[in-house]
Amino acid sequence: MHLNVGGLARVYPPCAGCRARSFATSRPRTNHAEHVQSLNERTNALVSFTTKNHNPNTCGPLSNITIAVKDNICTMHLPTTCSSGILRHFTSPFDATVVELLKAGGMNIIGKANCDEFGMGSLNVNSIHGPVVNPYHSPDEESIPWAERERRSAGGSSGGSAAAVAAGMCDAALGTDTGGSVRLPASYCGITGLKPSYGLISRRGVVSFADSLDCVGVLGKSVDTVKTVFDSISSFDPRDPTAATVRTRESAKASAVSLLSTIDVDSHHPDLSSLRIGIPQEYFPSELNTTIVTAVRKVLERLSSLGAQLIPVSLPSTPYGLSTYYVIASAEASSNLARYDGVQYGSRSPLLPGADKSKPGNVYAHTRSAGFGAEVQKRILLGTYALTADAFDNYFLQAQRVRQLIKTDFDSTFRIPNAQLSNPSPNPDGVDILLHPSAIRTAPRLDSDATSGLSPYLQDVMTVPASLAGLPAVSVPAGLAADGWPVGVSIVGQWGSDELVMSIGKVIERTSVGEAMGDVMAGLVLDGH
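Read on for an overview of the structure. Remember, it's a predicted structure, so these values are computed and weren't measured experimentally.

The rules behind these values
- Residues numbered from 1 in each chain as written.
- Predicted model: local features only at pLDDT ≥ 70, side-chain atom pairs only at ≥ 80, totals over all residues.
- Heavy atoms only, no water.
- Helix = DSSP H or I, 4+ residues; strand = E, 2+ residues; numbered from the N terminus.
- Buried < 20%, exposed > 50% of the residue type's maximum accessible area, 1.4 Å probe, protein only.
- Contact = heavy atoms within 4.5 Å.
- Salt bridge = Lys/Arg side-chain N within 4 Å of Asp/Glu carboxyl O.
- Polar contact = N/O pair within 3.5 Å; in protein donor to acceptor, adjacent residues only side chain to side chain.
- 1 Å grid on protein atoms, 1.4 Å probe; cavity = no way out; pocket = protein on both sides within 12 Å on 5 of 7 lines; lining within 4 Å.
- Points joined across faces, edges and corners; volume = space filled by probe spheres on them.
- Nonpolar A, V, L, I, M, F, W, Y, C, P; charged D, E, K, R; others polar.
- Disulfide = S-S within 2.5 Å.
- Pairing = 2+ DSSP bridges.
- Axes fitted to C-alpha atoms, helices over the stretch in contact; angles between N-to-C directions.
- Phe/Tyr/Trp six-rings, centres within 6.5 Å; stacked < 30°, edge-to-face > 60°.
- Right-handed = clockwise from strand over helix to strand, strands pointing away.

Let's talk about the environment of Lys-227
Moving on, step 1. With respect to the helices, strands and loops of the structure, Lys-227 is situated in helix α5 (residues 223-233).
Moving on, step 2. Taking relative accessible area as the criterion, Lys-227 reaches 26% and is therefore assigned partly exposed.
Moving on, step 3. Considered as a pair, Lys-227 and Glu-499 are 272 residues apart in the sequence and their alpha carbons are 8.1 Å apart.
Moving on, step 4. In this view, Lys-227 contacts Glu-499 and Met-502; residues no more than four positions away in its chain are not counted.

Regarding the pattern of salt bridges
Moving on, step 1. Here the structure, examined in full by the defined rule, presents 16 salt bridges.
Moving on, step 2. Arg-152 is paired through a salt bridge with Glu-150; the nearest N and O atoms lie 2.9 Å apart.
Moving on, step 3. The class of Arg-152 is buried, set by a relative accessible area of 8%.
Moving on, step 4. A salt bridge links Arg-183 to Asp-177, with the shortest nitrogen-to-oxygen separation between them at 3.0 Å.
Moving on, step 5. With relative accessibility at 0%, the residue Asp-177 sits in the buried group.
Moving on, step 6. Where salt bridges share partners, they join Glu-150, Arg-152, Arg-445, Asp-447 and Asp-483 into one cluster.

Some words on the side chain of Asp-95
Moving on, step 1. Position of Asp-95 relative to the elements: it lies in the loop between β2 (66-70) and α2 (97-105).
Moving on, step 2. Polar contacts involving the side chain of Asp-95 include one to the main-chain amide nitrogen of Met-76, which spans 2.7 Å.
Moving on, step 3. In this structure the side chain of Asp-95 is engaged in a polar contact, spanning 2.8 Å, whose partner is the side chain of Lys-103.
Moving on, step 4. Every residue in contact with Asp-95, bar those within four places of it in the chain, is listed here: Cys-74, Thr-75, Met-76, Glu-100, Lys-103 and Arg-204.

A closer look at empty space enclosed by the protein
Moving on, step 1. Under the counting rule described, the total for this entry stands at 4 cavities of 30 Å³ or more.
Moving on, step 2. Put simply, the second largest cavity is a space of about 60 Å³.
Moving on, step 3. Lining the second largest cavity are 13 residues, and of these Gly-119, Gly-121, Ser-181, Tyr-325 and Asp-460 lie nearest its centre.
Moving on, step 4. Considered class by class, the residues forming the lining of the second largest cavity number 4 nonpolar, 7 polar and 2 charged.

Brief notes about the state of the cysteines
Moving on, step 1. All chains considered together, the criterion is met by 0 disulfides.
Moving on, step 2. Considering cysteine sulfurs only, Cys-115 is the nearest to Cys-82, which forms no disulfide, with 6.3 Å between them.
Moving on, step 3. Under the relative-accessibility criterion, Cys-82 is labelled buried at 0%.

Concerning the environment of Asp-240
Moving on, step 1. With respect to the helices and strands, Asp-240 occurs in the loop between α5 and α6 (246-260).
Moving on, step 2. Residues Asp-240 and Arg-204, 36 residues apart in the sequence, show an inter-C-alpha distance of 5.4 Å.
Moving on, step 3. In contact with Asp-240, not counting residues within four places along its chain, are Ile-201, Ser-202, Arg-203 and Arg-204.

Observations regarding the sheet that holds strand β11 (residues 486-493)
Across a sheet, strands are paired by hydrogen bonds formed along the backbone, either parallel or antiparallel in direction.
Moving on, step 1. Pairing in this open sheet of 11 strands is mixed, and the strands run β1-β3-β2-β4-β6-β5-β10-β11-β9-β7-β8 from one edge to the other. At either margin of the open sheet sits one strand with a lone partner, and together these are β1 (46-49) and β8 (309-313). Between one strand and the next, the sheet's axes are offset by a mean angle of 30°, whatever the strand orientation.
Moving on, step 2. In this structure, strand β4 (residues 172-177) lies alongside strand β6 (residues 215-220), joined through 6 bridges in antiparallel fashion. Across the sheet, the residue bridging to Thr-176 is Val-216, located in β6.
Moving on, step 3. Sheet strands in contact with α2 are β2, β3 (108-113), β4 and β6, and its direction is about 170° off that of β2.
Moving on, step 4. Together, β2, β4, β5 (192-195), β6 and β10 (473-480) form the strand contacts of α5, whose direction differs from that of β6 by roughly 145°.

Some details on the pairing of β5
Moving on, step 1. Side chains Thr-192 and Leu-194 project from β5 onto one buried face, and the interleaved Gly-193 and Lys-195 project onto a second face that is buried too.
Moving on, step 2. Examined bridge by bridge, β5 and β6 share 3 bridges and lie antiparallel to one another. What sits directly across from Leu-194, in β6, is Val-218.
Moving on, step 3. Looking at chain direction, β5 and β10 are connected through 3 bridges and run antiparallel. Each residue of the ladder has a partner; that of Gly-193, found in β10, is Ser-475.

Structural notes on the packing of aromatic side chains
Moving on, step 1. Applying the stated criterion to the full structure yields 10 aromatic pairs.
Moving on, step 2. Residues Tyr-340 and Phe-372 carry aromatic rings whose centres are separated by 6.4 Å and whose planes lie at 90° to one another, so their mutual orientation is edge-to-face. Here Tyr-340 is found in the loop between α8 (321-336) and α9 (360-371), whereas its partner Phe-372 is found in the loop between α9 and α10 (374-386), with 32 residues between them in sequence.
Moving on, step 3. Among the aromatic residues, those joined into a cluster by ring pairs are Phe-118, Tyr-340, Tyr-345 and Phe-372.

With respect to the pairing of β2
Moving on, step 1. Across the 5 residues of β2, 5 count as buried, placing the element largely inside the fold.
Moving on, step 2. Both faces of β2 are covered, namely the face carrying Thr-66, Ala-68 and Lys-70 and the face carrying Ile-67 and Val-69.
Moving on, step 3. Sheet topology places β2 next to β3; 5 bridges connect them, and they run parallel. Its bridge partner being in β3, Val-69 is matched across the sheet by Lys-112.
Moving on, step 4. What joins β2 to β3 is α2, and the crossover it makes is right-handed.

In C-alpha cells form, the structure reads like this:
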C-alpha cells in the first residue's frame, strides 16, 4: 500500500535500535525499522526515531513490548518539541519519570509521537510536523489504494500515539490527557485508551499544559497491553508534587477489591450480577450521532445479559463542563507557557530590522509570535484575560466553583467513596461505574468543516467532565458506525478505581461486540495496496 501524505511526513534517521518483535507486528528483526518508517510515511504518526538502543535493561520482563512516547514527554536521547516551533531544537537533559520506569522494565521506545502543539487540540492538526492521518480504513475502502482513500483525523491531542498503535508500529504508546486527548484518539482509531486517576502516574518530565488536569495516559490495541504498561508506570513519585500518596492509593484500591473479586474478566460469560452500571442521561445530547447510540446500546444489552444492572443517573452539572474546562485549562496554560520567551526557554527569533532591541517586550513578543502556533496563541490570550483583575471573579473563580459541582455530582453517584476526601461517605444506592459514548461522532475528515471553527472544541464534550473530576476513564472499541468507522465507549469509575474500569473494559472487549470488533481490527491492518 502506498500513500503520499502530501509532504506532511518528515524524513527521519534510521531506527537502528528498534527491537525486532512486537505484539502489534511480528516481522523479522532486519526489516522492522524500515517497516515502521514506511508506515509512518502514510500516517505521520512519529516525529523522531531512536537511532540507538538506550535501554539499560534490554532483558527486562517487558523487553518484548515496543512503545512510542508522545512528544511532550521528556526524553534524554530524543528531541521533545511539543510539536511547537518554539521548542523545535529542544532535547531534555533528563528522562521523565514514566520514561525511566519504562526503561527499567525493559520496554523499547521506538520514537516520539506527533501531537497537537503543547497538547492543545482535539484533531491533531495543530502541529509543526503536520496533521496525523488516521490509519484505519472502512470496509468499503478495502479494495481502494491507500493514496486514494479519504483522510480522516486520528483525534488529538495524542493522535500520533493512537495512530502509531493502530498502524502496528508499536504495541503501546504513552499520551497525555488533559480533557480527552487519549480517549478521543482511541475512539477515532479503534483502539483502547486509558486516562488514569489524576495523581497515580507521575507528571515529572511532562511539559505542562494545564497542571490540574494533565495526566499521562496509555494507548494500546487491547486492555491487557494497556494494563501492562499502566502497572509498570503507576507508582508514587516523591519528585511529583501532584502525586497521590501511597496511603490514598491503597485506600482507593481496597474499596474496589471486593467488587473486582466477583468478576472473572477472562471468562467469555462472566457473572456481572453484582455490578451496577450508571447511564448518565447528559451524555446522550442531541449532537450525538444516532449510529453511535446504536453501537453503545448493543454494548449495554450485552452487559445486561451478563447480569449487570443498568441504572439511569443524572449528572446535572455536566452541560457546564466544556466551558468550565476551557476557562481553567486556558488560564493555566497562559501561566505555564509564559516561560517560553526565547530567554528562559525556547528558540529565540531574531528581531526584524529597525526593531527596538532595548525593550524586552519587543524581544519576547516577536519570539512568542513566531514560535507559537495560532491555536496556542488563542488559548494564551483567552487564559490571560480570564486571569485579569476584571475577569478573575466572573470567569476563573466561577469555573472553579462549577468544577467542584461536577466533582460533587460524581461523588454522589458512585457507590465507592472517594478516597481523596477526609471523611468519605459511601452511597449504598450508587453505581460502580458510568458508561457512555467516547465521542459525539466518528473520526472527521481532515478537509471537512469539523476541523475548523468551533467544531474541534465540541469534540471533547463527552470527555472533559471526568478530567475535571480527576477520575479514571478508559475508551474501548464498541464496533462500527454506519459509515464503517470505529465507535468507542467509555467506562468511568471513582477515583482510584483504575483496575475496575479496565476490568469492565476487558469484559466489553471479550464479550460485547464479537464480529464488530473483528471488523474494527481488520480495518487497522495496513495492507499492501
